[in-house]
Amino acid sequence: MVLIACYISFPFFKIKYFESLTSLKLIYHNFFIPIVLLSAIGSIIVYVKYLRQLNPKTNSKVKVVFQDLFTTVTLTGIVSAILVGMTVSTIVTTNAYCGQSKDVLVVGTVVDYSESTTKWGRLRHRIKFISSYDKKLKDFEVYRKYEIGEEFKKDMKMGTWGQLYSID
């Protein structure tokens, strides 16, 4: 589990700017159904072979069916969430480190700013702006406060998956 956590968190520590929402859209449009199906099949197999025998014995067939259904649905959800996290990490990492990257100057006027605090007390800044190179709304996590109307300007790269990123 520690290795999986390190794998999922790698791009968040190593790559300063990247488009996480486009990765999530890519996953939900192309990979979500296969991930859930794979998780469901794996969860059912593991539950029936190994975990079902750990359930307390009962004479109620309704209780047995409920235990089976609840456990497989819960396992499927947990495994799916882990696989989605690993897929996001894989897309962001391969976008930045595999293949050729194209240099892009991203310029845009900030149209929305929000800040939030993580449960560990870290202040996160998010901005939304319309990019100058493709005229699409971008949503980035940034490392300082921006005012609405302020210009965001950053030399970035477009990677293998067509997503913007910047390591520095």
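Residues numbered from 1 in each chain as written. Predicted model: local features only at pLDDT ≥ 70, side-chain atom pairs only at ≥ 80, totals over all residues. Heavy atoms only, no water.

So, about the packing of helix H1 (residues 2-14) against helix H3 (residues 61-97). One way to put it is that H1 packs onto H3 with a least axis distance of 9 Å and a crossing angle of 40°. Judged by the inter-axis angle, H1 sits oblique to H3. Relative to H3, the crossing made by H1 is left-handed. For the pair H1 and H3, the contacting residues are Ile-4, Tyr-7, Ile-8, Phe-10, Pro-11 and Lys-14 in the first and Ile-82, Gly-85, Met-86, Ser-89, Thr-90, Val-92, Thr-93 and Tyr-97 in the second. (Axes fitted to C-alpha atoms, helices over the stretch in contact; angles between N-to-C directions. Helix = DSSP H or I, 4+ residues; strand = E, 2+ residues; numbered from the N terminus. Parallel < 35°, antiparallel > 145°, perpendicular 65-115°, else oblique. Left-handed = near helix turned anticlockwise from the far one by under 90°. Contact = heavy atoms within 4.5 Å.)

Now for the environment of Lys-102. Positionally, Lys-102 belongs in strand S2 (residues 102-117). According to the relative accessible area criterion, Lys-102 is exposed, its value standing at 53%. Sequence spacing of Lys-102 and Met-158 is 56 residues, and the spatial spacing of their C-alpha atoms is 5.1 Å. Sequence-distant contacts of Lys-102, that is, excluding residues within four places in its chain, are made with Met-156, Lys-157 and Met-158. (Buried < 20%, exposed > 50% of the residue type's maximum accessible area, 1.4 Å probe, protein only.)

Another aspect to go through is the pairing of strand S4 (residues 137-142). The two faces of the sheet receive side chains in turn, since in a regular strand these alternate between them. Among the six residues that make up S4, five are buried, leaving the element largely enclosed by the rest of the structure. Sheet topology note: the strand S3 (residues 123-130)/S4 ladder contains six bridges and is antiparallel. Bridge pairing links His-125 to Val-142 in S4. In this structure, the hairpin formed by S3 and S4 is closed by a connection of six residues, where Lys-135 is found at a positive phi of approximately 60°. (Pairing = 2+ DSSP bridges.)

Before going further, it helps to examine the sheet that holds strand S5 (residues 151-158). Taken together, the six strands give an open sheet; going across it, the order is S1-S6-S5-S2-S3-S4, and neighbouring strands pair in antiparallel fashion. At either end of the open sheet lies a strand with only one pairing partner, and these are strand S1 (17-18) and S4. Two strands pair when backbone bridges link them, and S1 and strand S6 (residues 164-166) are joined in this way by two bridges, in the antiparallel orientation. Paired with Tyr-17 across the two strands is Ser-166, which belongs to S6.

Counting 14 residues, the largest nonpolar core has Val-106, Ile-127, Phe-140, Val-142, Tyr-146, Phe-152 and Leu-164 as the members making the most contacts within it. Of all the secondary structure elements, the ones that give two or more residues to this core are S2, S3, S4 and S5. Here this core takes four residues from S2, the largest share from any one element. Setting aside residues up to four positions removed in sequence, Val-106 forms contacts with Phe-129, Ser-131, Ser-132, Tyr-133, Phe-152, Lys-153, Lys-154, Met-156 and Leu-164. Grouped together as the second largest cluster of nonpolar side chains are ten residues, Ile-15, Val-88, Val-92 and Ala-96 included. (Core = buried A, V, L, I, M, F, W, Y, C linked by side-chain atoms within 4.5 Å.)

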